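Residues per chain, in single letters:
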Amino acid sequence: MHCLRCGACCKETEMLLSAEDIERLEGKSYSKKFFVRFDRAGYAKLRNRLGYCVFYDVKKQRCKVYRERPLGCRLYPIICDDIKGIIVDKICPAGANLNENKIKRKGKKVIKLLEKIDSEAKLR
Ligand code: SF4
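Just so it is clear, the structure is predicted and the values come from calculations on it, not from any experiment. (Residues numbered from 1 in each chain as written. Predicted model: local features only at pLDDT ≥ 70, side-chain atom pairs only at ≥ 80, totals over all residues. Heavy atoms only, no water.)

Asker: Can you help me understand the environment of Glu26 in this one?
Answerer: Tracing the chain through its elements places Glu26 in helix 1 (residues 19-26). Considering only alpha carbons, one finds Glu26 and Gln61, 35 residues apart in sequence, at a separation of 23 Å. (Helix = DSSP H or I, 4+ residues; strand = E, 2+ residues; numbered from the N terminus.)

Asker: Hey, could you run me through the site of the ligand in this one?
Answerer: In the vicinity of the ligand, the contacting residues are Cys10, Leu46, Cys53, Phe55, Tyr56, Cys63, Pro70 and Cys73. With respect to the pocket detection grid, the ligand is positioned in the largest pocket. Counted by class, the shell around the ligand contains eight nonpolar, no polar and no charged residues. (Near = heavy atom within 4 Å. 1 Å grid on protein atoms, 1.4 Å probe; cavity = no way out; pocket = protein on both sides within 12 Å on 5 of 7 lines; lining within 4 Å. Sits in = over half its atoms within 2 Å of the grid points. Nonpolar A, V, L, I, M, F, W, Y, C, P; charged D, E, K, R; others polar.)

Asker: Could you clarify how one ought to interpret the pattern of salt bridges in this entry?
Answerer: Note that side chains of opposite charge can pair when their charged atoms are close. The final tally for this structure, using the stated rule, is six salt bridges. Between Lys45 and Glu14 there is a salt bridge, with its nearest N and O atoms 3.1 Å apart. Taken as a pair, Lys45 in strand 3 (residues 44-46) and Glu14 in the segment before strand 1 (16-17) lie far apart in primary sequence, 31 residues in all. Residue classification places Glu14 among the partly exposed residues on the basis of a relative accessible area of 49%. Here Lys28 ties to Glu68 by a salt bridge, and the two come within 3.7 Å at their closest N and O atoms. You can see Lys28 sitting in the loop between helix 1 and helix 2 (32-35) and its partner Glu68 sitting in the loop between strand 7 (62-63) and helix 3 (71-75), a full 40 residues away along the chain. Taken together, the salt bridges that share partners define one network made up of Glu14, Arg37, Asp39 and Lys45. (Salt bridge = Lys/Arg side-chain N within 4 Å of Asp/Glu carboxyl O. Buried < 20%, exposed > 50% of the residue type's maximum accessible area, 1.4 Å probe, protein only.)

Asker: Where do I start with the layout of surface pockets in this structure?
Answerer: Any empty space left between atoms is shown by rolling a water-sized probe over those atoms. The volume enclosed by the largest pocket comes to roughly 720 Å³. Considering the residues around the largest pocket, the lining is formed by 35 residues, among which Cys3, Cys9, Tyr66, Arg69 and Cys73 are closest to the centre. Listed by contribution, the elements that provide at least two residues to the lining of the largest pocket are strand 7, helix 3 and helix 4 (100-123). Partitioning the lining of the largest pocket into residue classes produces 26 nonpolar, three polar and six charged. Space inside the second largest pocket adds up to approximately 570 Å³. Along its surface, the second largest pocket is lined by 24 residues, and Glu14, Met15, Leu16, Tyr76 and Ile79 are the ones closest to its centre. Elements with a contribution of two residues or more to the lining of the second largest pocket: helix 3, strand 8 (78-81) and helix 4. With five residues, helix 4 is the largest single contributor of residues to the lining of the second largest pocket. Taken together, the residues of the lining of the second largest pocket break down into 14 nonpolar, two polar and eight charged. (Points joined across faces, edges and corners; volume = space filled by probe spheres on them.)

Printed below as a string of structure tokens:
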């Protein structure tokens, strides 16, 4: 899939973060306070600022931490819907080009990531 860099997925992000994601971004000298918000259930999510993820460069239309970005962002636009399960997120204009094999393969990684994030949230 070729990302069109439209920024739709980085707008008002609800992206969940694993402890490993947080550690990796802290390793790049970003403070947790700058990019992480915790919800009441203990889930860590990316912070937004002015309507976009704090790491999104609106002018250049790119991610400032592309190499270190969270695993959820790497697997996107494959997401897990509460009702439908593994789907391609409709807000991504390039998602329609993904083939079934890729969706299945990335879908397994999304499930594994969510299981890990769930267990981390329970510990907080
Ligand atoms: S980390 Fe990068 S790819 Fe992920 S939502 Fe933020 S700007 Fe977008």
